[in-house]
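For reference, the chains in residue letters:
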Amino acid sequence: QVQLVESGGGLVQAGGSLRLSCAASGRTLSSYAMGWFRQAPGKEREFVAAISRSGSSTYSGESTKGRFTISRDNAKNTVSLQMNSLKPEDTAVYYCAASSRYGLSYYQTTEYDYWGQGTQVTVSS
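All of the points below concern the structure found in this document. (Residues numbered from 1 in each chain as written. Predicted model: local features only at pLDDT ≥ 70, side-chain atom pairs only at ≥ 80, totals over all residues. Heavy atoms only, no water.)

Here we come to the sheet that holds strand β3 (residues 18-25). The four strands are arranged β1-β3-β8-β7 in an open sheet whose pairing can be described as antiparallel. Edge positions in the sheet fall to β1 (3-7) and β7 (68-73), since each of these pairs with one other strand and no more. Averaged over all pairs of adjacent strands, the angle between strand axes in this sheet comes to 15 degrees, irrespective of strand direction. Strand direction decides the pairing type here: β3 and strand β8 (residues 78-83), joined by six bridges, are antiparallel. Paired with Ala23 across the bridge in β8 is Thr78. (Pairing = 2+ DSSP bridges. Helix = DSSP H or I, 4+ residues; strand = E, 2+ residues; numbered from the N terminus. Axes fitted to C-alpha atoms, helices over the stretch in contact; angles between N-to-C directions.)

Take a look at the structure:
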């Protein structure tokens, strides 16, 4: 089992940047494909980005493509999400998630086994 803790959220103005981190404990992170999701009030949880175990493949959601970048450091057991050109509609609680599956559909929440508690990102206009 792996425990995930997100950090780095906060309040930022539109056009600004934030970097979220997800620290893992309990098991080595290299055993898992990792994803970031977000959930705004009254909305379903939305796929943001995902990365393969080795980090050689990354995937982005349509609404964040070209602005957000996912990366991982397996030696440090961390996954990061660099968010640039932030917009008010990016406001949400951001969650990192770990999947032990192979050949998973990265976009689906049901493919992930473990979730962090979330970190709030608020973008002001």
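A word on the pairing of strand β4 (residues 33-39). The buried fraction of β4 is high, at six of seven residues. Bridging between β4 and strand β9 (residues 92-99) involves seven bridges; their strand directions are antiparallel. Of the residues in β9, the one forming a bridge with Arg38 is Tyr94. Alignment of β4 against strand β5 (residues 46-51), held across five bridges, turns out to be antiparallel. Directly across from Gly35, in β5, lies its bridge partner Ala50. Two successive antiparallel strands, β4 and β5, enclose a turn made up of six residues, where Gly42 displays a positive phi of approximately 80 degrees. (Buried < 20%, exposed > 50% of the residue type's maximum accessible area, 1.4 Å probe, protein only.)

Coordinates in, geometry out; function isn't part of it.
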